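Each chain is listed here by its residues.
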Amino acid sequence: MPSKILFSNYKENGQDYISPEGFETLVDDLNYSMDQIEPIVLSWLFGCTKMGNAEWNNAFKTLNSNSKDSVNTAVETAKASLSSQPALFKQFYLWTFLFAKDPNSKSIPSDIAASLFSVIFGKNHNHIQNFINYICLPDTVQALNKDQWASLYDFSLQIAPDFSNYDFEASWPVIFDEFVAYSTN
């Protein structure tokens, strides 16, 4: 019989949601690593930024199971879909901004953004590693807002590796003007 994943094993005592520590335990139980994409995909599949009992029940209803194997299969299927469907990947990428930002903030600190970019994009997009390096430099970028976050995806697809087609007069957020200027000097 498959091992069932029970909400009560991970929820915060006296609460109706899974705490960050409970989520880490769930990730460990699923044999994932917190520094990989699987925990983010899992949260996306559950459709939540805060994993409550309602989200938990809806996710397992959709999966039609609550076994570890069914969750692992769903995560692997979603990862494959994200790799093969650019529109779905963009939807997932945009969702990660809402997932990662503090509910009371309009931006994500650059160190957190850099960590997420390295996990989400991997090696498949132009400029991502250099952009990560740039936003981690002292005195460059403190945080990224939603427009900057969303624009990075399009920037990585549209701008040539040598920046030859970058137009400083186009409507890119200023951070990209600064990044291109830094990268080409």
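Predicted model, so just to flag it, every value in this text is computed and none were measured.

(A) Here's a closer look at the domain arrangement of the protein. The domains assigned to the protein are domain 1 (7-84) and domain 2 (86-183). Computed over C-alpha atoms only, the centres of domain 1 and domain 2 are separated by 26 Å. Contacts between the two partners involve twelve residues from domain 1 and, on the opposite side, eleven residues from domain 2. Buried surface at the junction of domain 1 and domain 2, summed over both partners, amounts to about 1,100 Å²; 82% is from carbon and sulfur atoms. At the junction of domain 1 and domain 2, the tally comes to zero salt bridges.

(B) Inspection of unusual backbone geometry at higher detail. Within the chain, H127 stands out as a residue other than glycine whose phi angle is a positive 75°. Looking at where H127 falls in the secondary structure, it is placed in the loop between α6 (110-121) and α7 (128-135). In this model, F163 sits at a positive phi of 65°, which is unusual for a non-glycine residue. Mapping F163 onto the fold places it in the loop between α8 (146-158) and α9 (174-184). The class for F163 is buried, based on a relative accessible area of 11%.

(C) The nonpolar core, seen in detail. Membership of the largest hydrophobic core comes to 56 residues, with the highest contact counts inside it found for W56, F117 and I135. Those residues in contact with I135, other than ones at most four positions away along the chain, are S110, A113, A114, F117, T140, V141, L144 and I175.

(D) Seen up close, the pattern of salt bridges. For the structure on display, the rule yields three salt bridges. Between K90 and D154 there is a salt bridge, and its shortest N-O distance comes to 3.2 Å. One end of the pair, K90, is in helix α5 (residues 86-100); the other, D154, is in helix α8, and 64 residues separate them in sequence. The partly exposed category is assigned to D154, whose relative accessible area is 23%. One network of salt bridges, in which partners are shared, links E38, E76 and K79.

Definitions and limits used
- Residues numbered from 1 in each chain as written.
- Predicted model: local features only at pLDDT ≥ 70, side-chain atom pairs only at ≥ 80, totals over all residues.
- Heavy atoms only, no water.
- Domains from an automatic or database assignment.
- Contact = heavy atoms within 4.5 Å.
- Buried area = accessible area lost by both parts, 1.4 Å probe.
- Salt bridge = Lys/Arg side-chain N within 4 Å of Asp/Glu carboxyl O.
- Helix = DSSP H or I, 4+ residues; strand = E, 2+ residues; numbered from the N terminus.
- Buried < 20%, exposed > 50% of the residue type's maximum accessible area, 1.4 Å probe, protein only.
- Core = buried A, V, L, I, M, F, W, Y, C linked by side-chain atoms within 4.5 Å.

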